Amino acid sequence: RENFIHLCNPHLEKMKEDILYHFALGTGTHDFPALFGDVKFVCVGGSPSRMKAFIAYIAEELGLGSPGGDYPNICAGTDRYAMYKVGPVLSVSHGMGIPSISIMLHELIKLLYHAKCSNITIIRIGTSGGIGLEPGSVVITRQSVDATFKPQFEQVVLGKTIIRSTNLDEQLTKELMQCSKEIGEFNTVIGNTMCTLDFYEGQGRLDGAICLYNEEEKLQYLKEAYDSGVRNIEMESSVFAAMCNLSAAVVCVTLLNRLEGDQISSSHDVLVEYQQRPQKLVGYFIKKSLGKV
């Protein structure tokens, strides 16, 4: 069955042209179905360089590109986001934090709608701080929760607080977990992901420019998070889950165990290898979905 993108905005039908300003794309200047109509998998992550590396990796895995081949940035007309495509896979950067990924998602979902895409799977791949996990562990998110451990995303719209659910696709989560078992290269768990508005105070760090709590209070908070089912902390999953009413998942590697410290101290080479783990997992999932495993 063809599941097409549906938009909850009747005003778009009245527009002669839809300009996706932060992508430097528009329906009046670009043929969206021709450019993106074959997309089935969308992977998003914070860093432009990481998403370019991912598209090169998936191209090689799917046998769709030449070794060392270059992949042009589709959004080269702007410096806000970067976008790359190979075959049915679209790779897009979203920056850091809820506001940045929210802007990107509004335009990405409209892009998929204008392109008449169907049966889309969208996955956020990224890094995070772990709670009670060895660095390098991969967390597949069951639910995104806020800083009070509630599975919800709050946004003020026209002066009123709107609350949206942050549940993710349970079947997709199970499929990704099975893929990790088949790979068998790194520890992977399913758990809740806490999404915060800040990297420092919002995550209970002691090393920011401002800190008005002590280490005991910090550890108590993180242990409460762990007891509620939280296994990692990042800054984008809640709005991602709230906006993506598609087959959606979040896969993040942990760079440190926050119960043991606040600063990332692993070497550059180790961190690069850690950051490749979500790419490997999602790449394997895409290959399996396309019958290439």
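Each chain has its residues counted from 1, running along the sequence as written. Only residues with pLDDT of 70 or above have their local features reported here, since the model is predicted, and side-chain atom pairs are shown and tallied only from 80 upward, although totals for entire chains, interfaces and linings are computed over all residues. Neither water nor hydrogens contribute to the side-chain values; these are computed over all heavy atoms in the structure.

The chain is annotated in an unreviewed UniProt entry as Uridine phosphorylase from Aegotheles bennettii. UniProt positions are given in the numbering used here, feature names are shortened, and annotations may be inferred rather than shown by experiment. Here the chain is described in UniProt, under the heading Function (unreviewed entry), as follows: "Catalyzes the reversible phosphorylytic cleavage of uridine to uracil and ribose-1-phosphate which can then be utilized as carbon and energy sources or in the rescue of pyrimidine bases for nucleotide synthesis. Shows broad substrate specificity and can also accept deoxyuridine and other analogous compounds." Taken directly from UniProt, the Pathway (unreviewed entry) text for the chain runs: "Pyrimidine metabolism; UMP biosynthesis via salvage pathway; uracil from uridine (phosphorylase route): step 1/1."

A. Here's a closer look at unusual backbone geometry. Phi angles above zero are rare outside glycine, and A24 is one such case at about 60°. Here the phi dihedral of L158 falls at roughly 55°; this positive angle occurs in a residue that is not glycine. Numbering of helices and strands starts at the N terminus; helices are DSSP runs of H or I of at least 4 residues and strands are runs of E of at least 2. The topology assignment puts L158 in the loop between β8 (152-157) and β9 (160-165).

B. Spotlight on the pairing of β8. Two strands pair under a simple rule: DSSP has to find at least two bridges between them. Taken together, the 6 bridges between β8 and β9 define a ladder with antiparallel strand orientation. Across the sheet, F153 pairs through a bridge with R164, a residue of β9. Between β8 and β9, which pair antiparallel and follow one another directly, the connecting turn spans 2 residues, one of which, L158, has a positive phi of 55°.

C. Here's a closer look at the UniProt feature "binding site: substrate" (unreviewed entry) in the chain. UniProt records the feature "binding site: substrate" (unreviewed entry) at Q203 and R205, using the numbering of this structure. You can call Q203 buried: its relative accessible area is 3%. Setting aside chain neighbours within four positions, we find Q203 in contact with T196, D198, L222, I233, E234, M235 and R258. A polar side-chain atom of Q203 sits 2.8 Å from a polar atom in the side chain of R205. Relative to the elements of secondary structure, R205 occurs in the loop between β10 (188-195) and α5 (215-227). What makes R205 buried here is its relative accessible area of 2%. Non-local contacts of R205, meaning those with residues more than four positions away in its chain, are made with F199, Y200, C211, Y213, L256, R258 and D262. Relative accessibility under 20% of the residue-type maximum defines a buried residue, over 50% an exposed one, and the middle range a partly exposed one, all with a 1.4 Å probe and only protein chains included. Contacts are assigned to residue pairs with any non-hydrogen atoms lying within 4.5 Å of each other. Polar contacts, as used here, are pairs of N or O atoms within 3.5 Å; protein pairs need one atom able to donate a hydrogen and one able to accept it. Residues neighboring in sequence count only if both atoms are side-chain atoms.

D. View of helix α7 (residues 268-289). By definition here, a helix of n residues has an expected span of 1.5 Å times n minus one. Helix length check: α7, at 22 residues, gives a terminal C-alpha distance of 32 Å against a target of 32 Å (1.5 Å per residue), a fit within 8%. For α7, the complete set of buried residues consists of L271, Y274, R277, P278, Q279, L281, V282, G283, Y284, F285, I286 and K287. Positive phi shows up at G291, right after α7, with a value of about 75°.

E. Region of interest: the side chain of E234. Relative to the assigned elements, E234 resides in strand β11 (residues 230-234). Residues within four places of E234 in sequence aside, it is in contact with R124, T127, S128, T193, M194, C195, T196, Q203 and C252.

F. Local environment of a nonpolar patch on the surface. Exposure above 30% relative accessible area and the lack of any salt bridge qualify a residue for a patch; like charges then connect within 9 Å, and the nonpolar side chains Val, Leu, Ile, Met, Phe, Trp and Tyr within 5 Å. Note on areas: these come from Shrake-Rupley sampling with a 1.4 Å probe, and a residue is covered only by the protein chains present in the view. Any Lys or Arg side-chain nitrogen located within 4 Å of an Asp or Glu carboxyl oxygen qualifies as a salt bridge. On the surface, a cluster of nonpolar side chains totalling about 290 Å² of accessible area is made up of V157, L158 and I162. The exposure class assigned to L158 is exposed, which follows from its relative accessible area of 84%.

G. Structural context of the pattern of salt bridges. As enumerated under the stated definition, the model contains 12 salt bridges in all. Residue K85 pairs with D38 through a salt bridge whose shortest N-O separation is 3.0 Å. With K85 in strand β4 (residues 83-86) and D38 in the loop between α1 (32-36) and β3 (41-45), this pair connects stretches of sequence that are 47 residues apart. Given the relative accessible area of 22%, K85 is considered partly exposed. Residues K52 and D70 are paired through a salt bridge, measuring 3.2 Å at the closest nitrogen-oxygen approach. In this pair, K52 is assigned in helix α2 (residues 48-62) and D70 in the loop between α2 and β4, connecting sequence segments 18 residues apart. Shared partners join several salt bridges into a network, and the residues in it are R124, E234 and E236.

H. Geometry of the side chain of S102. By secondary structure assignment, the location of S102 is in helix α3 (residues 98-114). Given a relative accessible area of 12%, S102 falls into the buried group.

I. Expanded view of the UniProt feature "binding site: phosphate" (unreviewed entry) in the chain. Mapped onto this structure's residue numbering, the UniProt feature "binding site: phosphate" (unreviewed entry) falls at R80, R124, I125, G126 and T127. Its location among the elements puts R124 in strand β6 (residues 121-130). The buried category is assigned to R124, whose relative accessible area is 3%. For R124, the contacting residues outside a window of four places in its chain are V44, G45, G46, H94, I101, E234, E236, F240, A249, V250, V251 and C252. For R124, the side chain forms a polar contact with the side chain of E236, separated by 3.0 Å. Mapped onto the fold, I125 is located in strand β6. Apart from the residues within four sequence positions on either side, I125 is in contact with V44, G45, M51, F54, V251, P278, Q279 and V282.

J. Representation of the pairing of strand β12 (residues 247-257). Summarising burial for β12: 10 of the 11 residues are buried, a large majority. The pairing of β6 with β12 spans 9 bridges and is classified as parallel. Across the sheet, residue T127 finds its bridge partner in β12, namely V253. Where strand β7 (residues 138-145) and β12 come together, 3 bridges link them in antiparallel fashion. Residue V139 lies in a different strand from β12, and its bridge partner there is C252.

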